[in-house]
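# Fold and geometry: a report
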Amino acid sequence: MKKILVLLLSLLVLTACGSKASGGAQTEADMAKAERVLEGTIQIYAPKGKNSDYLTKSMELYNQKYSANLKLDLVDVAPAIPMVQKITPMLVSDEKMPELVFMQDSVAGSIFEKFEDRFYSAEAFGFVGEHGSKFYPAKMNMLKNIAPSKQTFGFPNDWGNAAMFYNDAAFKEAGVNMEEVKTWDQFIEAGKKLNAATGKKLMYMRDTGEVDMINYLTEQQEVSMFDEAGNLNLLNDAVIKAYDVVNQIQEADLAAYGPSNDYIKIGQETGVILQGGWLASMQSKDFPDDSGNWRVAKLPQMIEGKDVAPMSGGSSYYVTKNSENATAAYQFITFALTDLDALQAYMGFMGLPANMEAYETEAAKKQFEYYGNQSILEELNEISKTSVNGYVYPYSTDLANYIQQASYDIQYNGADVKTALEKQANDFAQKYGIKVN
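These figures come from a predicted structure and were not determined experimentally.

Quick notes on the rules
- Residues numbered from 1 in each chain as written.
- Predicted model: local features only at pLDDT ≥ 70, side-chain atom pairs only at ≥ 80, totals over all residues.
- Heavy atoms only, no water.
- Phe/Tyr/Trp six-rings, centres within 6.5 Å; stacked < 30°, edge-to-face > 60°.
- Helix = DSSP H or I, 4+ residues; strand = E, 2+ residues; numbered from the N terminus.
- Buried < 20%, exposed > 50% of the residue type's maximum accessible area, 1.4 Å probe, protein only.
- Lys NZ or Arg CZ within 6 Å of the ring centre and 35° of its normal.
- Pairing = 2+ DSSP bridges.
- Right-handed = clockwise from strand over helix to strand, strands pointing away.
- Salt bridge = Lys/Arg side-chain N within 4 Å of Asp/Glu carboxyl O.

Let us now look at the packing of aromatic side chains. Applying the stated criterion across every chain, the model contains 31 aromatic pairs. Here Tyr-54 and Tyr-346 contribute two aromatic rings whose centre-to-centre distance is 4.1 Å and whose plane-to-plane angle is 20°, an arrangement assigned as stacked. Within this pair, whereas Tyr-54 is found in helix 3 (residues 50-66), its partner Tyr-346 is found in helix 16 (residues 340-348), the two being separated by 292 residues in sequence. For Tyr-346, a relative accessible area of 1% gives the class buried. Summarising the aromatic geometry, the rings of Trp-184 and Phe-187 are spaced 4.9 Å apart at their centres and angled 75° between planes, so their arrangement reads as edge-to-face. Residue Trp-184 and its partner Phe-187 are located together in helix 10 (residues 184-198), separated by three residues, close to a single helical turn. Phe-187 carries the same exposure label as Trp-184, and that label is buried. Counting every residue linked through ring pairs, the aromatic cluster contains Tyr-120, Phe-125, Phe-127, Phe-135, Phe-155 and Tyr-330. The ring of Tyr-66 has Arg-36 lying over it, and the distance from NZ or CZ to the ring centre is 3.8 Å.

What follows covers unusual backbone geometry. For Asp-94, which is not glycine, the phi dihedral falls at a positive 60°. Within the secondary structure, Asp-94 is located in the loop between helix 4 (81-92) and strand 3 (100-104). Given the relative accessible area of 40%, Asp-94 is considered partly exposed. The backbone phi angle of Asn-373 is positive, close to 65°, even though this residue is not glycine.

In this section: the pairing of strand 1 (residues 39-46). When a strand is regular, its side chains alternate between the sheet's two faces. Sheet topology note: the strand 1/strand 2 (residues 69-76) ladder contains eight bridges and is parallel. Of the residues in strand 2, the one forming a bridge with Tyr-45 is Val-75. Taken together, strand 1, helix 3 and strand 2 form a β-α-β motif whose crossover is right-handed.

Applying the stated rule across the entire model yields 16 salt bridges. Residue Arg-206 pairs with Asp-212 through a salt bridge whose shortest N-O separation is 3.3 Å. We classify Asp-212 as partly exposed; its relative accessible area is 29%. A salt bridge links Glu-222 to Lys-306; its shortest N-O distance comes to 2.8 Å. Of this pair, Glu-222 sits in the loop between helix 11 (212-219) and helix 12 (237-251) while Lys-306 is found in the loop between strand 8 (294-297) and strand 9 (311-319), placing the two residues 84 residues apart along the sequence. Taking the relative accessible area as the measure of exposure, Glu-222 reaches 45% and is therefore partly exposed. Given the relative accessible area of 38%, Lys-306 is considered partly exposed. Linked through salt bridges whose partners overlap, the residues forming this network are Asp-94, Asp-117 and Arg-118.

Any functional reading would require information that these geometric values do not contain.
See below:
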């Protein structure tokens, strides 16, 4: 009896540990083959708004399709730094986790550098093999490079590329047809005409030193700030050329300066806002009086005759191990990211799915009055198809501070571009123990 009691206690401990780690499944392969979970609650850390609305609608569709009775427990957490701050202490102390966390691709590397073993692999589940080809190649390339093991953990939600939002009415007043503007030289000339005719500046730039434009212009030359090995490309000729374009805009007095948290408000009074497609979900709500004036287009070309879209955001879902219903979470998020009705609902909330099949649906053809009845979802899809391939590392987000300092030294202290970049590149590389290409 004593031996039997010891054996039973041992089995109970093992069962409890297995349940805590995976919601009743031991490996990704087991979970992929598991019967569909029809009851229970899935907790998700995700921002309130279009993403929470999308998850709620997806669960409604999911329960209808599978005659299930699953529930969502949505916790409002922003997907960038706030998410890292929220879940890092939980991972350190090995607390119970939500089944799903929604993280920006740009910050996920800082989590996976230390806690890769606390998440289930989307690749090992078979999600990548079965569905990966449906998503933008640049998005999948990003996800496979986030974790140190180079295994894909993220379930791809959205993908952002910089687009040109421009005030068509203002440019027409200046005698400029922006559909004919193809290169950055032509763009600057259009800005001079706009300024002369209307008094509007061409575009916004940060008053503390330009960052986003340098990234955009560099990536348009098919150069990422980091290479596949994690080394720094800040001294690449493409970066020098990017600063040349920025310098031309500044010397022509075409930039409207201000703090980065006011860039949308400031940009609305200029001719152009360069930003990810998600801006469309805010512009019509925040600036309704400008309805009909604005349009969406590709950025001018840095390589003449070739469209290359720079990266501008993107987020993914991650299934945690130390949770109660990981199998249900895996099954649900797979549905949400691949079911066409769910994806159309997301686009109705002005979400931009990374799943290319979504743009073959009727929802993608919707015309937007704010943008002169332009089908902007189709336009944004065409932009994303030309996305540059980039890489994210735990230290990636910190580089913006160094670029900003270089830009400030160039603009306000009269520093030579190469000298300013060399100083910042060497300081950054020394801090993180990487090479400068």
